[in-house]
Amino acid sequence: AKAEQLGGYRFFEQTMSEELNDRRQTEHDLRHAADRGELYVVYQPQASVASSSIVGFEALVRWRRPGHGQMSPSTFIPLAEECGAILPIGEWVLRSVCREAAGWPNPLSVAVNVSAVQLHAPNFVALVHTVLFESGLPPQRLEIEITETALVRDFTRTLATLRQLKALGVRIAMDDFGTGYSSLSNLRAFPFDKIKIDRSFVTAVDSNQQAAAIVRSVLGLGRGLGLPVMAEGVETEAEMQFLQLEACDGAQGYLLGRPAPIDQFAHLTRANDVR
Ligand code: C2E
Ligand code: CA
Ligand code: CA
Ligand code: CA
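Now for a look at the structure at hand.

Conventions adopted
Residues numbered from 1 in each chain as written. Chains lettered and ligands numbered in written order. Predicted model: local features only at pLDDT ≥ 70, side-chain atom pairs only at ≥ 80, totals over all residues. Heavy atoms only, no water. Helix = DSSP H or I, 4+ residues; strand = E, 2+ residues; numbered from the N terminus. Rg over C-alpha atoms; globule rule 2.2 N^0.38 Å. Buried < 20%, exposed > 50% of the residue type's maximum accessible area, 1.4 Å probe, protein only. Areas by Shrake-Rupley, 256 points an atom, 1.4 Å probe, with all protein chains shown as cover. Core = buried A, V, L, I, M, F, W, Y, C linked by side-chain atoms within 4.5 Å. Contact = heavy atoms within 4.5 Å. Near = heavy atom within 4 Å. Polar contact = N/O pair within 3.5 Å; in protein donor to acceptor, adjacent residues only side chain to side chain.

### Thoughts on the overall build of the chain
Then comes step 1: Looking only at helices and strands, the chain features twelve helices and nine strands.
Then comes step 2: Rg of the C-alpha trace for the chain: 20 Å, near the compact-globule value of 19 Å for 275 residues, within the 12% margin.
Then comes step 3: Relative to its full complement of 275 residues, the chain shows a buried share of 45%.
Then comes step 4: When the accessible area of the chain is evaluated, it comes to approximately 14300 Å², of which 52% is carbon and sulfur surface.

### Digging into the nonpolar core
Then comes step 1: Counting residues in each nonpolar core, the largest one holds 76 residues, and the members touching the most others are Tyr-43, Val-110, Val-128, Leu-142, Ile-144 and Leu-165.
Then comes step 2: Residue contributions to this core peak at seven residues, all from helix H4 (residues 86-101).
Then comes step 3: Setting aside its immediate chain neighbours within four residues, Val-110 contacts Tyr-43, Phe-57, Ala-59, Val-97, Ala-101, Trp-104, Leu-137, Arg-141, Leu-142 and Glu-143.

### Brief notes about helix H3 (residues 73-83)
Then comes step 1: Buried within H3 we find Phe-76, Ile-77, Leu-79, Ala-80 and Cys-83.
Then comes step 2: Positive backbone phi, approximately 90 degrees, marks Gly-84, located one or two places after H3.

### Some thoughts on the site of ligand 1
Then comes step 1: Around ligand 1 sit 21 residues, and of these Gln-44, Arg-62, Asn-113, Glu-235 and Tyr-254 come closest.
Then comes step 2: A distance of 3.3 Å separates an oxygen atom of ligand 1 from a polar side-chain atom of Glu-58.
Then comes step 3: One of the side-chain nitrogen or oxygen atoms of Arg-62 is found 2.9 Å away from an oxygen atom of ligand 1.
Then comes step 4: Summarising the interface, the protein chains cover 82% of the accessible area of ligand 1, which totals 800 Å² for the free molecule.

The structure is reproduced here in structure tokens:
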């Protein structure tokens, strides 16, 4: 009877059904990762190119999964998006990050990645509002990073959501710029405050003609639209010099600092003594 209920599964190859079980187990574990205290956040510095000073941090989630060691977000975030576990995970990240950043000296900002599923959840704006209120983080110091894949669904609703977020005072960055389907129309249609050029265009920008042309044109676009541009994945001095020469606004990458637990940046994030 059990086999009947499972229907098609008995036709799967043994390995196939093992994979399926693994996946179910992973999804189950993902749903509980936040409650079980298995998630933590690392922070990567974001610098002003002109002054080379640190202006903020991007928060990047990590999962310490028992029996599996540390899992990378590029493997578990897509899975969490598919099974809905991204909602408790995203909420946990937002809460922890805002609580952490509220203690940093002004005007250090924090950027949080928000996926399509989170953005389209009916209570997302209310959640951001609550978390800002509870943490005391000034809204202007929170930046939400959204990739273009989050924009493809229901245009009217997405626009309404982004406008509501802006009305809270939160800033919105377009993440992985240039890798989506219709970057230009998205830039025009939605109220972004910043463009983040994807790492794939920044790598070897100093020596690769195509990369250089693309980065220059994104910088021109940013200037024309009045939007600051940040380059991700800056790894070498030569790439950084190119960005300086081309007057890119911001830079982030291993050259400036790898993502790490916040204690490693205590010299930057300790609140000033205000006596
Ligand atoms: P992303 O938003 O494009 O984040 C940048 C990724 O590039 C991070 O990978 C970061 O560690 C890595 N990176 C930074 N600088 C360099 C560099 O100089 N060289 C190289 N090779 N890599 C660099 P990470 O932490 O593995 O995150 C991967 C992706 O997972 C992120 O890409 C983001 O899309 C997603 N992600 C991470 N945390 C969260 C989260 O809290 N929520 C959601 N929804 N997605 C997240
Ligand atoms: Ca990002
Ligand atoms: Ca990226
Ligand atoms: Ca990404």
